[in-house]
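# Structural characterization, general
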Protein chains: 2
Amino acid sequence: MTTSAGRRGRRPGSPDTRAAILAAARQAFAAKGYAGASVRGIAGDAGVDSALVHHYFKTKDDLFLAALELPLDPRELLIPALAGGVDGAAERMLRVFLSVWDDPDLRLPLLSVVRSLVDPEGPRLMRDGFVPVVLGPVGVALGIDRPELRMPVVASQVFGLIIMRYVVALEPIASMSADDVVAIYAPTIQRYLTGPLP
Amino acid sequence: MTTSAGRRGRRPGSPDTRAAILAAARQAFAAKGYAGASVRGIAGDAGVDSALVHHYFKTKDDLFLAALELPLDPRELLIPALAGGVDGAAERMLRVFLSVWDDPDLRLPLLSVVRSLVDPEGPRLMRDGFVPVVLGPVGVALGIDRPELRMPVVASQVFGLIIMRYVVALEPIASMSADDVVAIYAPTIQRYLTGPLP
């Protein structure tokens, strides 16, 4: 993708420019968190104009998700699950997660994102970025009360399930059918979404 | 603790001997898993007699837990929670977990154990060792049916809670009172222990 002609200086529209912006974004988000990093600052670090950042990555949220190197955009992925409203949303969201994680092509890059979460800079990315960019909008789209409490609680069960099924590969969770995973975990997550919480 | 006089050869009863056994155990458990590593092999690697391993670490389980470098023995810790039987066991176990994790002196060493779980050799330790040595006996002590399914499922929620409250420090889970944590999570864990599962 990279041509040697593009190497000196950064020309708008070259693959180098996009890569330089992404590298600067990763550094900035890791060092300053999602809230602390600015598009203007990232543009400056990359030696380009802010407008060019917006040309490649429409919003700061898009830039953040690109910096996380997720193999897909969790916001688009969840749209069908959210469209049906809050009734049964837990099961539909779980089935989306399972379809993605059970895909061998996607699992490896997802695993590296999960591993990075327990790195020293990982928790900061999760707190500062993943919550406002991903979890928050999901709660709002579902129209649940107290999304700022419910969505992190949902995340605590989904994340624990992911760790046991895909990272630790603990049996019988690792080899269980998607239907069994749903039978066990959907009632928990549905309660976290809509049940009485303190 | 180590004297230079103890450095050459390994004398029974010296702190060096215990440290050498532990180092050999850590390597063996990481390389071969809990099931694959033997006390005899570890003794050989440490250049001591098997009897000396049993002198310092009564059983293979004890040696495994010492190799994990847990700041306390989860088996002893859970005894009072298990003594009351399965009714309300989820709340009692959760309160034990919270009292340990909320102790600033214990949290740091516990965090390093959690981080090591997502290291390449961590999952193997969890699968091969943590389950038979810790989770299994807890299920048996509670007298629940299908402990081999229920205990890993319990672990998936407890682990997710630990990650969000202590590693990622995601609000509002991170600053929530122990009572609120219990109100949210005890019903989940009690259902995993005694409710209908597929």
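Residues numbered from 1 in each chain as written. Chains lettered and ligands numbered in written order. Predicted model: local features only at pLDDT ≥ 70, side-chain atom pairs only at ≥ 80, totals over all residues. Heavy atoms only, no water.

### Quick word on the domain arrangement of chain A
A common way to state how big an interface is: give the accessible area lost once the parts meet. All names here are of chain A. The domain boundaries assigned to chain A delineate domain 1 (4–68) and domain 2 (74–194). Computed from C-alpha coordinates alone, the two centres of domain 1 and domain 2 are separated by 28 Å. Every contact between the two is made by twelve residues of domain 1 and, on the other side, twelve residues of domain 2. Both sides of the domain 1 and domain 2 interface together cover about 1000 Å² of buried area, and 69% of this is carbon and sulfur. (Domains from an automatic or database assignment. Contact = heavy atoms within 4.5 Å. Buried area = accessible area lost by both parts, 1.4 Å probe.)

### What about helix 4 (residues 60–68) of chain A?
Residue and element names in this part refer to chain A. Every buried residue belonging to helix 4 is among Leu63, Phe64, Leu65, Ala67 and Leu68, and all of these are buried. N-capping of helix 4 is provided by threonine 59, with a side-chain oxygen placed 3.3 Å from the backbone N of aspartate 61. Downstream of helix 4 by a residue or two, glutamate 69 has a phi angle that is positive, lying close to 60°. (Buried < 20%, exposed > 50% of the residue type's maximum accessible area, 1.4 Å probe, protein only. Helix = DSSP H or I, 4+ residues; strand = E, 2+ residues; numbered from the N terminus. Polar contact = N/O pair within 3.5 Å; in protein donor to acceptor, adjacent residues only side chain to side chain.)

### Looking at the relation of the copies chain A and chain B
Taken together, a rotation about one axis and a shift along it account for how the two chain copies relate. Once chain A is rotated about the relating axis by 180° and shifted along it by 0.0 Å, it coincides with chain B to within an RMSD of 0.0 Å. On the angle and the small slide along the axis, the relation comes out as a two-fold axis. Looking at the rotation axis and the C-alpha trace of chain A, the residue lying nearest is glycine 160 of chain A, at 1.9 Å. (Least-squares fit on C-alpha atoms with pLDDT ≥ 70 in both.)

### Some remarks on the interface of chain A and chain B
Across the boundary between the two partners, chain A contributes 36 residues, which contact 36 residues of chain B. The junction of chain A with chain B conceals about 3100 Å² of combined surface from both sides, 72% of it contributed by carbon and sulfur atoms. Summed over the shared surface of chain A and chain B, the result is zero salt bridges. Taken together, the connections running from chain A to chain B amount to 13 residue pairs in polar contact (both at pLDDT 80 or more). (Salt bridge = Lys/Arg side-chain N within 4 Å of Asp/Glu carboxyl O.)

### Quick look at the packing of helix 9 (residues 147–167) of chain B against helix 10 (residues 178–194) of chain B
All names here are of chain B. Two elements in contact, helix 9 and helix 10, have axes separated by 8 Å at closest approach and are oriented at 160°. With respect to helix 10, the axis of helix 9 lies roughly antiparallel. The crossing of helix 9 and helix 10 is right-handed. Counting all contacts with helix 9, which are made through Arg150, Met151, Val153, Val154, Gln157, Val158, Leu161 and Arg165, the residues of helix 10 involved are Val181, Tyr185, Thr188, Ile189, Arg191, Tyr192, Leu193 and Thr194. (Axes fitted to C-alpha atoms, helices over the stretch in contact; angles between N-to-C directions. Parallel < 35°, antiparallel > 145°, perpendicular 65-115°, else oblique. Left-handed = near helix turned anticlockwise from the far one by under 90°.)

### Notes on the nonpolar core
Among the nonpolar cores identified, the biggest contains 94 residues, and Tyr185 and Leu193 of chain A together with Tyr185 and Leu193 of chain B are the most heavily contacted of them. The residues touching tyrosine 185 of chain B, leaving out its near neighbours within four places in the chain, are Val153, Ser156 and Tyr192 of chain A together with Leu94, Gln157, Leu161 and Ile173 of chain B. (Core = buried A, V, L, I, M, F, W, Y, C linked by side-chain atoms within 4.5 Å.)

### Concerning the packing of aromatic side chains
With the rule as written, the count across this model stands at twelve aromatic pairs over all chains. For the ring pair phenylalanine 29 of chain B and tyrosine 34 of chain B, a centre distance of 6.1 Å and an interplane angle of 15° mean the geometry is stacked. We note that phenylalanine 29 of chain B, like tyrosine 34 of chain B, is buried. With a centroid separation of 6.4 Å and 45° between ring planes, the pair formed by tyrosine 56 of chain B and phenylalanine 57 of chain B is classed as tilted. Assessed through its relative accessible area of 4%, phenylalanine 57 of chain B is described here as buried. One aromatic cluster is present, built from ring pairs that chain together Phe29, Tyr34 and Phe64 of chain A. Lysine 60 of chain B extends its terminal NZ or CZ atom over the ring of tyrosine 34 of chain B, reaching a point 4.6 Å from the ring centre. (Phe/Tyr/Trp six-rings, centres within 6.5 Å; stacked < 30°, edge-to-face > 60°. Lys NZ or Arg CZ within 6 Å of the ring centre and 35° of its normal.)

### Let's talk about helix 10 of chain B
Each full turn of the α-helix corresponds to 3.6 residues, which orients residues three or four apart in the same direction. Residue and element names in this part refer to chain B. Taking 1.5 Å as the rise per residue, helix 10 with 17 residues should run 24 Å; its terminal C-alpha atoms sit 23 Å apart, in good agreement. The largest bend in helix 10 is about 40°, located at tyrosine 185, with the proline proline 187 one to four residues further on. Those residues of helix 10 that fall on the buried side of the exposure criterion are Val181, Val182, Ile184, Tyr185, Ala186, Thr188, Ile189, Gln190, Arg191, Tyr192 and Leu193. (Expected span 1.5 Å × (residues − 1). Bend = angle between axes of the 7 residues up to and from the residue.)

### What to know about the pattern of salt bridges
On inspection of all chains with the given rule, the structure shows ten salt bridges over all chains. When the shortest N-O distance is used, the salt bridge between arginine 95 of chain B and glutamate 91 of chain B registers 3.0 Å. In this pair, arginine 95 of chain B and glutamate 91 of chain B both sit in helix 6 (residues 89–101), four residues apart, roughly one turn of the helix. Note on arginine 95 of chain B: relative accessible area 33%, which makes it partly exposed. In this structure, the salt-bridge partner of aspartate 102 of chain B is arginine 165 of chain B, at a minimum N-O distance of 3.3 Å. Remark: arginine 165 of chain B occurs in helix 9 and aspartate 102 of chain B occurs in the loop between helix 6 and helix 7 (104–117); sequence separation between them is 63 residues. The partly exposed category is assigned to aspartate 102 of chain B, whose relative accessible area is 31%. The class of arginine 165 of chain B is buried, set by a relative accessible area of 6%. Through salt bridges with shared partners, one network takes in Glu91, Arg95 and Asp179 of chain A.

### Section: the packing of helix 5 (residues 74–83) of chain A against helix 6 (residues 89–101) of chain A
Residue and element names in this part refer to chain A. Closest axis-to-axis distance for the helix 5/helix 6 pair is 8 Å, and the angle between their directions is 150°. In terms of their interaxial angle, helix 5 and helix 6 are classed as roughly antiparallel. By crossing handedness, the relation of helix 5 to helix 6 is classed as right-handed. Side by side, helix 5 and helix 6 meet where Leu77, Leu78, Pro80, Ala81 and Leu82 of the first sit next to Arg92, Met93, Val96 and Val100 of the second. For the contact of helix 5 with helix 6, the class distribution of residues is eight nonpolar, no polar and one charged. (Nonpolar A, V, L, I, M, F, W, Y, C, P; charged D, E, K, R; others polar.)

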